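Observations on the model geometry
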Amino acid sequence: MTTTEIRTARSVCPLDCPDTCSLHVNIENGRIVSVDGNPDHPATQGAICNKVRHIPERVYHPDRVLYPLRRVGPKGTHSFERISWEEAYEEIVSRMQRTIREHGAEAILPYSFYGNMGILSAEGMDRRFFHRLGSSQLDRTICSVAGSTGYRYTMGGSYGTDPEDTVHSKFVLIWGCNLVSTNMHQVMYLTEARKRGATIVHIDVHRNRTSTWADEFIPIVPGTDTALAMGLMHVIIKEGLTDEAFLGERTVGYEDLVAKAEEYPPVVVAGITGIPAEQIVDLARRYAAGAPSFIRIGNGLQHHDNGGMAIRAIACLPALIGSWNVRGGGAIKGNGGYSAFNAERVERPDLLPDPSVRTINMNRLGEALTEADPAVRMIFVYNCNPAIVAPDLNRVRQGFMRDDLFTIAHDLFLTDTCLYADLVLPATSHFENLDLYASYWHLYVQLHEPIIETMGECKSNFTLFKELGLRMGFEPEAFDITEERMIREALDNPANPSLEGITYERLQEHGFLKVKPAGPAAMKDGLPTPSGRIELYSEEMAQAGLPPVPEYYPIREENGLPFLFVPGPNHSFLNSTFANQPRMKKLEKQPLLDMNGADAAARGLADGDAVRVWNERGEIRITLKVADNVLPGVLVCQGLWWESGNEGVNAANLLTSQRLSDMGGGATFFSTRVDVEKA
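Presented here is an overview of the structure given in this document. None of the values given here were measured: they were computed from a predicted structure. (Residues numbered from 1 in each chain as written. Predicted model: local features only at pLDDT ≥ 70, side-chain atom pairs only at ≥ 80, totals over all residues. Heavy atoms only, no water.)

A few points about the pairing of strand S25 (residues 618-626)
Bridge count between strand S23 (residues 592-595) and S25: four bridges; the pairing is parallel. Along S25, the bridge assignment pairs Leu 593 with Leu 624. Note: strand S24 (residues 610-615) against S25, six bridges, orientation antiparallel. Opposite Val 611, over in S25, you have Ile 622 as the bridge partner. What sits between S24 and S25 in their antiparallel hairpin is a turn of two residues. (Pairing = 2+ DSSP bridges. Helix = DSSP H or I, 4+ residues; strand = E, 2+ residues; numbered from the N terminus.)

Topic: empty space enclosed by the protein
Empty space among the atoms can be located by rolling a probe the size of a water molecule over them. Tallied over the entire structure, the rule returns two cavities of 30 Å³ or more. The space that makes up the largest cavity amounts to roughly 70 Å³. Together, Pro 591, Ile 620, Arg 621, Ile 622, Cys 637, Gly 639, Trp 641, Val 649, Asn 650 and Ala 652 line the largest cavity. Ranked by the residues each element gives to the lining of the largest cavity, the list is headed by S25, at three residues. Residues that form the lining of the largest cavity fall into these classes: seven nonpolar, two polar and one charged. The volume enclosed by the second largest cavity comes to roughly 40 Å³. When contributions to the lining of the second largest cavity are tallied by element, the ones reaching two or more residues are helix H4 (119-123) and helix H20 (461-471). For the lining of the second largest cavity, the per-class residue count stands at three nonpolar, four polar and two charged. (1 Å grid on protein atoms, 1.4 Å probe; cavity = no way out; pocket = protein on both sides within 12 Å on 5 of 7 lines; lining within 4 Å. Points joined across faces, edges and corners; volume = space filled by probe spheres on them. Nonpolar A, V, L, I, M, F, W, Y, C, P; charged D, E, K, R; others polar.)

In short, geometric facts, not functional conclusions.
Put into structure tokens, the structure is as follows:
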């Protein structure tokens, strides 16, 4: 007689998503059978997205890589043979040693991002290993750095409103963010706020699920968000809607901002943004009178040439009306500052033999693999799928095809990047790992303990780089340690008083703990800006050669092509994660290109046509969707679809540029100009 044992285990969602959900996982005889939200977690509230509800299909996917693999066919094909870990380690170590001996450690490049958001998985032993190795360092700037930098110039760091307080908001701007698809628990809080009388306005370049859910939708020309923010300021100042007491006590540079805002009357802003002047005036008045008014600042608008300034400008708005003073007011760009761990102790930059070693911006991977001097001879890819997610993919793939480049990929699947890998190493799912998680939106730190046995011969990032470090002969005191010790090192951060009282033992007992606010919620104690106040004028920006007061400047794509192309996220994938799961692909059906009806008519195009979209970097073929979801002159496609396993699908990033944003070296995915014609 077979005995069935079912237990419920506590877990955490590892995905690069602001919600960082607390999970309840049902396990039957050692195998995950279902996943649900933890009803006791104040942010998760028992609800999770469809992607994570079906994450067991990802864990037990028949294509899961379970053993080390070595290339046996040409690059550009998934041709591998199974090898042992001993063989894999021997080849990696010998190649690293030879590369360092012949070309220097700079010829080795790590390439990773946040496919798993655990501290140990994304920025733990891996960072320590590549510091000690002395390799080229990677500037991980593909996602939010432009906006984070712009927001920091205004507010001092990633500090915003506690999301739990947004149930008290009365007027809400969701700006450049498809919350329904990318931050569902903020939707839950704001749904409660609406029941209490709040009005919700969505500003975006594309009518999407959030537009339908919101009370109003305001379409905006891509890359003009700074102009709209300045136009709102112009009206608020002109009509005397500011909070003079707050401005006097908590800000610097108000007079300079007044002078600059004078240059942005609504009629001028209307010509830039495509938003009627009277609508700009009405929006400004309602925002100023919201009491409290709240802005959820999204990721999308920062992926422009001027993305840092856009966030910088929007971050000034709450100060004008004093909304930080009212519960439920203010803004959220990110809240990662509250839970900042001790990166110095975890990542050990002190181990770097040469602190002046070069740093390569991850958005310029194509340039690095084809033009860098000294050349990159070895690249180690993990937590990322650059052959789909990196910009200017033709350059990236050209670099990966080099015969003298040795590529290692550590992943759960044979991704498009693995087409170019010489070694593929099997990665654990997060369910198999001990790790520490923090959200960049809510204020809870969570501990994840392994809930299933390690599958096949998979290894976590922590174990992989620990074992490589020891095989390279690196110091045992830095590498021969446990996951628990590294988590304790991360939590021990006297520089961040918000972590006070959060210990490994308490996390083991409770699973999650809330950090203590130390940003705008405690603004009377000062902000971590140079002045200790909200900086409407930033001397730091002036010294960096940037406009010290917000001002609009257009995007820089100058190829003369007629359409702005915005490749945004879809509902059922997260970047390229889940894009190989049959259920999620079935839900998304196929890649589509949204085009305004007037543009389609002018081009003789009809809904359902196969079209060719092109610029000087490449071309894609895609099916046209004709609808009034976008403004004239704008094209939007959604989702980072894999090309592997999807015949006829082209990656959107074949068209995007390696140009960097105005601040922080961020990506400019959405500042892309293209032309389109019937295929």
